[in-house]
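The residues making up each chain are set out below.
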Amino acid sequence: MKITNVNIYHENHVFQPGCIEIQGEKISAVHFSDTNTLNEEIIDGQGCYAIPGLVDIHFHGCMGADLCDAKPDSLPIMAEYEASQGVTTICPATMTMSEAELHKIMQNIGSYQPTSHKAAHLAGINMEGPFISKKNKGAQKESNVIPCSVSLFRQLNREAGGKIKLVDIAPEEPGAMEFIEAVKDEVIVSLAHTVAGYDIAMEAFQRGANHVTHLYNAMNPFHHRRPGVQGAAFDSGAFVELICDGVHIHPAMVRAMFQLYGTDHICLISDSMRAAGLEDGDYTLGGQAVKVEGPRATLADGTIAGSVTNLMKCLKNVVQNMHIPLEQAVESATETPAKSIGIFQHCGSISVGKTADIVLLDKELNVQKIILAGKTIL
Ligand SMILES: [Zn+2]
């Protein structure tokens with residue numbers, strides 16, 4: 001297969017016209033001038049951008065399915081929907097569930113075998129809780145919050161077939177620092193749902209954490225005398241997740257954060273719950289009732305409970321409504337999240353030898369074509 005006449009997102013983060021050749025599941029060549037010698041399927045990308053398939057490292061569900069349902073069809077539904085939107089690699093997240101429920105969820109993940117060629121690649125999962133702070137629980141269920149446990153984490157990861165890529169913890173809780181040191185070589189530790197100040201967050205990063213779960217949400221604000229997790233993440237060079245649905249963070253703050261942290265540290269995430277892709281109405285998240293009206297998903301007390309978007313919509317939103325240049329937004333929705341969980345050798349850029357996951361967008365950033373592992377799925 002070959003995609004010609006297309007504006008390719010280059011490894012150097014600029015768009016350049018050229019063509020992309022695909023053999024089997026892999027990208028076999030990228031030319032920045034068109035050559036027409038091969039006799040094969042040709043996709044004319046005239047007027048389109050070719051970008052790498054997006055990588056969402058934090059979302060809970062979509063199309064009525066949720067990773068925490070622990071049903072055999074939860075992951076297939078989520079993986080197919082995400083791929084159909086151009087999100088070709090996923091690392092969905094669990095919620096703060098009871099220990100008994102977490103065992104079931106992890107066993108379900110451990111037994112997942114992709115069967116459809118239309119399913120996004122499962123890079124792993126993101127374990128959001130239960131090792132968080134009750135004081136900043138957000139939409140997580142308080143009664144399920146427990147202190148960090150290395151043995152429980154390892155047991156759950158075994159049950160999940162070693163698929164836990166990220167574990168999200170509150171570093172100020174008892175045993176959290178020891179937990180970070182114990183597991184830092186097995187999993188990426190992310191600071192989340194926390195009341196930690198700057199010093200505690202710095203210590204957590206020094207001990208081996210290097211990621212922040214949905215920056216700004218479920219943590220203390222960025223204050224000029226109390227810079228908190230945000231200041232510590234900047235000083236230590238950690239990766240930070242930003243929910244860019246337009247509900248969780250003000251656009252001015254998103255613009256400021258792109259300047260402050262840079263595209264090489266910002267991972268755009270959707271944090272979507274099961275209503276993504278569906279109508280307004282009553283749903284659940286992490287065992288709690290959620291009402292969805294327009295772009296907002298909330299608990300009965302008004303707490304924001306995830307989003308109802310997907311990462312492709314977030315990408316469009318940051319460019320068209322928040323005025324982040326497309327080149328920067330693409331890097332933060334592909335390369336940076338891929339690097340943050342250690343999978344950049346397989347995906348996250350249009351490079352020879354990588355899996356051929358490519359999305360063609362028109363000038364208005366509408367998805368025109370999706371190629372997943374070398375096969376056209378849209
Ligand atoms: Zn989440």
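How each quantity is defined
- Each chain carries its own residue numbering, running from 1 in the direction its sequence is written.
- Predicted model: local features are reported for residues with pLDDT of at least 70 only, side-chain atom pairs are reported and counted for 80 or more only, and whole-chain, interface and lining totals are derived from all residues.
- With hydrogens and water stripped out, all remaining heavy atoms of the structure feed into the side-chain values.
- Metal coordination here is assigned from N, O and S atoms located within 2.8 Å of the ion, or within 3.2 Å for Na, K and Ca; omission of water means that sites may look incomplete.
- By the criteria applied here, four donors are tetrahedral when all angles lie between 85 and 135 degrees, four are square planar and six octahedral when opposite donors are over 155 degrees apart and every other angle lies between 65 and 115, and any other arrangement is irregular.
- Helix and strand definitions follow DSSP, with helices as H or I runs of at least four residues and strands as E runs of at least two, each counted in order from the N terminus.
- Three exposure classes are used, based on accessible area relative to the maximum for each residue type with a 1.4 Å probe and protein chains only: buried under 20%, partly exposed in between, and exposed over 50%.
- A 3.5 Å cut-off defines polar contacts: any pair of N or O atoms within that distance qualifies, except that in protein one atom must be a possible hydrogen donor and the other a possible acceptor, and neighbouring residues in sequence count only when both atoms are side-chain atoms.
- Between two residues, a contact is recorded if the distance between any of their heavy atoms is within 4.5 Å.
- Each domain's extent is set by a domain assignment, obtained either automatically or from a database.
- As used here, buried area is the combined drop in accessible area, with a 1.4 Å probe, of two parts when they are placed together.
- Salt bridge criterion: a side-chain nitrogen from Lys or Arg within 4 Å of a carboxyl oxygen from Asp or Glu.

S.K.: I would appreciate a short explanation of the coordination of the zinc ion in the present structure.
M.R.: Each pair of donors in an ideal four-coordinate tetrahedral metal site encloses 109.5 degrees, whereas pairs in an ideal six-coordinate octahedral site enclose 90 or 180 degrees. Surrounding the zinc ion are the protein donor atoms His58 (NE2), His60 (NE2), Glu128 (OE) and Asp271 (OD), at 2.0 to 2.3 Å. For the zinc ion, the four donor atoms are set out with angles of 85 to 168° between them, so the coordination reads as irregular. One chain supplies every donor to the zinc ion, and in sequence these donors are spaced H-x1-H-x67-E-x142-D. Of this pair, histidine 58 sits in the loop between strand E6 (54-56) and strand E7 (61-62) while glutamate 128 sits in strand E12 (residues 125-128), and the two are 70 residues apart along the sequence. Residue classification places histidine 58 among the buried residues on the basis of a relative accessible area of 0%.

S.K.: Any chance you could explain the environment of alanine 356 here in plain terms?
M.R.: With respect to the helices and strands, alanine 356 occurs in the loop between helix H10 (335-340) and strand E21 (358-361). On the basis of relative accessibility, which here comes to 0%, the residue alanine 356 falls in the buried class.

S.K.: I keep staring at the side chain of threonine 194 and nothing clicks. Help me out?
M.R.: Here threonine 194 lies in the loop between strand E14 (188-191) and helix H5 (198-207). Residue class for threonine 194 comes out buried when judged on its relative accessible area of 0%. A distance of 2.8 Å separates the side chain of threonine 194 from the backbone nitrogen of alanine 196, its partner in a polar contact. Setting aside residues up to four positions removed in sequence, threonine 194 forms contacts with Ser133, Asn136, Ala170, Pro171, Glu172, Ala218, Met219, Asn220 and Val229.

S.K.: What exactly am I supposed to notice about the domain arrangement of the protein here?
M.R.: The figure often quoted for interface size is the accessible area lost as the parts come together. Partitioning the protein into structural domains gives domain 1 (2-50 + 362-376) and domain 2 (54-346). Spacing between the C-alpha centres of domain 1 and domain 2 amounts to 30 Å. At the interface, 14 residues of domain 1 touch 19 residues of domain 2. Buried surface at the junction of domain 1 and domain 2, summed over both partners, amounts to about 1,300 Å²; 68% is from carbon and sulfur atoms. At the junction of domain 1 and domain 2, the tally comes to zero salt bridges. Counting every contact that joins domain 1 to domain 2 gives five residue pairs in polar contact (both at pLDDT 80 or more). With three residues, the top contributor of residues to the side of domain 1 that touches domain 2 is strand E22 (residues 367-372).

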